[in-house]
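As a plain string of letters, each chain reads:
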Amino acid sequence: MRRTVFPNKLLPWLLLAPQLAVTLIFFYWPALQAFRQSMLKEDAFGLSTKFVGLANFRKVLADPAYLNALKVTVVFSLAVALSAMAIALFLAVQVEKIRCGKGFYRTLMIWPYAVATAIAGMLWLFLFNPGFGTLAAPMRALGFNWNPLLKGDQAMGLVIAAATWKQISYNFLFFVAGLQAIPKSLIEAAAIDGASRRHAFWTIVFPLLAPTTFFLLVVNTVYALFDTFGIIHAVTGGGPGRATETLVYKVYNDGFVNLMMGESAAQSVILMVIVIALTAIQFRFIERRVHYG
Amino acid sequence: MRYSPILIAAFALSPLAAEAKTEITWWHAMSGANNEVVEKIAADFNASQEEYEVKPVFKGTYPETLNAGIAAFRAGQAPDIMQVFDVGTGVMMAAQGAVKPVADVLTEAGYTFDKSQYLPGIVGYYSTPDGTMLSFPYNSSSPILYYNKDIFQKAGLDVDNPPKTWAEVWAAARKIKESGAAECGYTSTWLTWIHTENFAAWNNVAWGTNENGLAGTPELQIDSPLYAKHFQEIADLAKEGVFVYGGRTSEAKQNFTSGQCGILTESSGGLGDVIKSGINYGTGQLPYDETAEGAPQNTTPGGASLWVMAGKSDEVYKGVGEFFNYLSQTPVQEYLHQQSGYLPVTFAAYEATKASGFYDKNPGRETPILQMMGKPPTENSKGVRAPNLPQLRDIQNEEYEKMLDGQQTAAEALKNAQERGNAAIKEASGG
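Residues numbered from 1 in each chain as written. Chains lettered and ligands numbered in written order. Predicted model: local features only at pLDDT ≥ 70, side-chain atom pairs only at ≥ 80, totals over all residues.

Draft legend 1. View of the overall build of chain B. Each helix and strand counted, chain B has 20 helices and 10 strands in total. For chain B, whose C-alpha radius of gyration is 23 Å, the value lies close to the compact-globule estimate of 22 Å for 431 residues. The principal-axis extent of the C-alpha atoms belonging to chain B is close to 85 × 50 × 35 Å. Considering chain B as a whole, with its 431 residues, one finds that 54% of them fall into the buried category. Taking all contacts inside chain B whose residues are at least 6 apart in sequence as the whole, residues at least 24 apart take part in 75%. (Helix = DSSP H or I, 4+ residues; strand = E, 2+ residues; numbered from the N terminus. Rg over C-alpha atoms; globule rule 2.2 N^0.38 Å. Buried ≥ 20, exposed ≤ 12 C-beta atoms within 10 Å, placed from the backbone. Contact = placed C-beta atoms within 7 Å.)

Draft legend 2. View of the overall build of chain A. For chain A, the count of helices and strands is 13 helices and 2 strands. C-alpha atoms of chain A, sized along the principal axes, occupy 75 × 75 × 30 Å. Per-residue burial over chain A gives 32% buried out of 293 residues. Long-range pairs, those at least 24 residues apart, make up 69% of the contacts in chain A between residues at least 6 apart in sequence.

Draft legend 3. Summary view of the UniProt feature "transmembrane region" (unreviewed entry) in chain A. All names here are of chain A. Annotation from UniProt places "transmembrane region" (unreviewed entry) at residues 12-31, 69-92, 104-127, 155-179, 200-226 and 265-286. Counted over residues 12-31, helix gives 100% and strand 0%. Its end C-alpha atoms are 26 Å apart. Taken as a whole, residues 155-179 contains 100% helix and 0% strand, while its terminal C-alpha atoms sit 35 Å from one another. (UniProt positions renumbered as here; feature names shortened; annotations may be inferred.)

Draft legend 4. Spatial organisation of the pairing of strand β10 (residues 302-309) of chain B. All names here are of chain B. Within β10, 8 of the 8 residues are buried, which leaves it mostly tucked inside the rest of the structure. Every second residue of β10 is oriented toward a common face, with G302, A304, L306 and V308 on one face and G303, S305, W307 and M309 on the other, all of them buried. Bridge analysis of strand β3 (residues 81-85) against β10 gives 5 bridges, and the strand direction is antiparallel. In the sheet register, I81 faces β10, and the bridge partner there is V308. Relative to β10, strand β4 (residues 99-100) runs antiparallel, the two sharing 2 bridges. Paired with V99 across the strands is M309, a residue of β10. Relative to β10, strand β5 (residues 136-141) runs antiparallel, the two sharing 5 bridges. Its bridge partner lying in β10, P137 is registered against S305. (Pairing = 2+ DSSP bridges.)

Draft legend 5. Looking closely at the interface of chain A and chain B. Contacts between chain A and chain B engage 19 residues on the former and 27 residues on the latter. The class makeup of the residues in the side of chain A that touches chain B is 10 nonpolar, 6 polar and 3 charged. (Nonpolar A, V, L, I, M, F, W, Y, C, P; charged D, E, K, R; others polar.)

Draft legend 6. Just the domain arrangement of chain B, in detail. Residues and elements named next belong to chain B. Along its sequence, chain B is carved into domain 1 (18-141 + 302-355) and domain 2 (143-299 + 386-428). Centre-to-centre, using C-alpha coordinates, domain 1 lies 30 Å away from domain 2. Taken together, the contact pairs 12 residues of domain 1 with 14 residues of domain 2. Taken together, the residues that form the side of domain 1 that touches domain 2 break down as 6 nonpolar, 6 polar and no charged. (Domains from an automatic or database assignment.)

Draft legend 7. Geometry of the pairing of strand β8 (residues 261-267) of chain B. Residue and element names in this part refer to chain B. Most of β8 sits inside the fold, with 7 of its 7 residues counted as buried. Summarising the sheet, strand β6 (residues 143-148) and β8 pair through 5 bridges and their orientation is antiparallel. Directly across from Y147, in β8, lies its bridge partner I263.

Draft legend 8. Spatial organisation of the packing of helix α3 (residues 64-97) of chain A against helix α7 (residues 152-180) of chain A. Residues and elements named next belong to chain A. Between α3 and α7, the shortest axis-to-axis distance is 6 Å and the interhelical angle comes to 45°. Taken together, the axis directions place α3 and α7 in an arrangement best described as oblique. Considering the relative orientation of α3 and α7, their crossing is right-handed. (Axes fitted to C-alpha atoms, helices over the stretch in contact; angles between N-to-C directions. Parallel < 35°, antiparallel > 145°, perpendicular 65-115°, else oblique. Left-handed = near helix turned anticlockwise from the far one by under 90°.)

Draft legend 9. Quick look at the UniProt feature "domain: ABC transmembrane type-1" (unreviewed entry) in chain A. The UniProt record annotates "domain: ABC transmembrane type-1" (unreviewed entry) at residues 70-282 of chain A. Span residues 70-282 of chain A is 77% helix and 0% strand, its end C-alpha atoms 19 Å apart.

Draft legend 10. Geometry of the nonpolar core. Counting 104 residues, the largest nonpolar core has A:V159 and B:V320 as the members making the most contacts within it. If near-sequence neighbours (up to four positions away) are discounted, A:V159 is found in contact with A:I231, A:I232, A:V235, A:T236 and A:T244. If you look at the next biggest cluster of nonpolar residues, it comprises 65 residues, including B:A155, B:L220, B:A238 and B:Y245. (Core = buried A, V, L, I, M, F, W, Y, C linked by C-beta atoms within 7 Å.)

Draft legend 11. Up close: the environment of B:G124. Following the sequence through the fold, B:G124 ends up in helix α6 (residues 120-125). Each residue touching B:G124, except ones within four places of it in the same chain, is listed here: B:P377 and B:K382.

Draft legend 12. Up close: the environment of B:K354. As for its placement among the helices and strands, B:K354 is situated in helix α16 (residues 347-355). Separated by 58 residues in the primary sequence, B:K354 and B:P296 place their C-alpha atoms 23 Å from one another.

Draft legend 13. Quick look at the sheet that holds strand β9 (residues 281-284) of chain B. Residues and elements named next belong to chain B. Spatially, 4 strands are ordered β7-β8-β6-β9 in an open sheet, and the strand pairing comes out mixed. The open sheet is flanked by β7 (184-188) and β9, the only strands paired with a single partner. In this sheet, adjacent strand axes meet at a mean angle of 20° when their direction is disregarded. Examined bridge by bridge, β6 and β9 share 4 bridges and lie antiparallel to one another.

Draft legend 14. The arrangement of the environment of A:F175 in detail. Residue and element names in this part refer to chain A. Of note, F175 is situated in helix α7. Its 24 C-beta neighbours within 10 Å are what place F175 among the buried residues. Once the C-alpha coordinates of F175 and T49 are considered, the two residues, 126 residues apart in sequence, prove to be 51 Å apart. If we ignore the near neighbours within four places in the chain, the residues touching F175 are A88, L89, A92 and T212.

Draft legend 15. Spatial organisation of unusual backbone geometry. All names here are of chain A. The residue after G239, namely P240, is reached through a cis peptide bond having omega -10°. Its place among the elements puts P240 in the loop between α11 (229-235) and α12 (247-257). Residues other than glycine seldom take positive phi values, yet L259 does so here, at roughly 55°. Within the secondary structure layout, L259 lies in the loop between α12 and α13 (261-286).

Draft legend 16. Layout of the packing of helix α1 (residues 10-38) of chain A against α13(A). All names here are of chain A. Between α1 and α13, the shortest axis-to-axis distance is 7 Å and the interhelical angle comes to 125°. Between α1 and α13, the crossing angle belongs to the class labelled oblique. For α1 against α13, the interelement crossing comes out left-handed. Facing A31, A34, F35, Q37 and S38 of α1, the residues of α13 in contact are M261, G262, A265, A266, S268, V269 and M272. Per-class residue counts for the contact of α1 with α13 are 8 nonpolar, 4 polar and no charged.

Below, the structure written as structure tokens:
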């Protein structure tokens, strides 16, 4: 490969400047603020500030509610990331088989991606709220004791379903693109050799999709950890009890509802460490097994 | 161009004239019909005088408005007036140095603040233990009982006499369910505000020590026999499917307006939505426990009040004083009360509304006022206050939800809520 050489020394920096500015102002600056805040004990208005070192971290890690949120997050994120990817892959493969109206189906599949997270949450709420949900009354009529306002596992199922539904479109888009990049000749050759469709999929298509799958794994993990806040906020508000309170939701609740800034900041710092570690692990161990074409 | 000098002068002077007005920013959380009331009050005040201009700004929900105000204060950009909901009162009171007492603002503006002109149940909640009014009660409400007259008729219940005690409510609710008049007998919004905080006041039992926190940092006392009895009764009804849980705040209103439930306890401020739903409804006072001594005592206000932020110029404070004086005037209070369903703050406005025949035409509108003024408040019935009331409510809701799901008894739920709550209060008050 030939290295691109820019004759101008200033231009590259100028071109980079907007992105650098955005990153510095919206990522590094708040992150530093969070670090600072996590070492302070402060009232809501910032009238009295005391440096407490790592006391906030000790308090957070000793709090059973925090461990509960960690558990909820693991269950929720795994369920959302895995089911959103599995369903999207299944749908992408099925759509490839359609002879007539492929574009129409594809468009319909991608549609939900245009829905904002909070709106997606409201949508599911209007369908499944035990009080006014369109589908709640029929479910009760069928003898199913549907009450996610009190039953933690049902509430968890509901937010997982809503968050998954929202993300399927995105994954679908990438899987369709990934599938189209696989040379038809390989699959035809397999067919000539007498491989069944299923065998061909798992031994040829799936491994060749690995770069896409890996990319989506990283994106979906981050999505499940952070972007699902709107859905949880709209559908369950972290309840019942603390059954759907994820780490991100707890940061919000402790900081902005209960006004415990120091502990909330400590939690967000821990969360940052978790995400950095997770991404590093994914790149270090899983990416090794990914073959880029 | 004969007029040009005059025109030029007019152009030159008009911005000056505008700048001469002192601007007062007012952050609030009133949406929908209540937002129009805010806009109209501000516009009328601005038109009534030349010196000040009140600028209302909608900042989202109550918690969002409070957070926006706090963030703005930290950045040195606080608004002049901020609307803070009832549970944020403790937070604001703890922030001495961030707020200026309304009583001071009024006196400095040349008005005497005469406590006897204001409804004691409301003003008492927004005052310090020594009686200084800290914030201006803008919109106050109190919980009342709503019932569906059609469902009552179908169940064979007395349509004109809603149940008065909790025992009567439970009996009526069971009858509604058993007769098939509706699939659910009773539901309630705000188990915290209505069944925990107002329950204490209305039945004259303690919610916490130190006059429920009004005289100092409280320790919760909700792990007591009367509370345990009340919540166990609700838990039993939930098990039978007679009581249906709607959610932590006002979601249960939907269960009532949709005709799913026959009886509802909700804020008097929820009347608008009940009317809008078009159901054949009636109202009654909040039920009490007939075994409680001295019940019914009096209920306490919810809603929000206006806080004046510290560190503003004398000119601004003078304007805020003028504005609050304007807000206290009888016609303004009457308008606010009759339009929004919130309670009037002054006796004069209450009397004027009564004289106008408004309550005869709108029965139920007077109920929350009568509840609040029925008896002089005791140390259990002036309201509750804690530096971290939102957090305490969260804890209570978590425990109540586990109880309603059958995971624990009422006694266990109250014990856990009290223990966890007291630990949180200790933490929040710097212990």
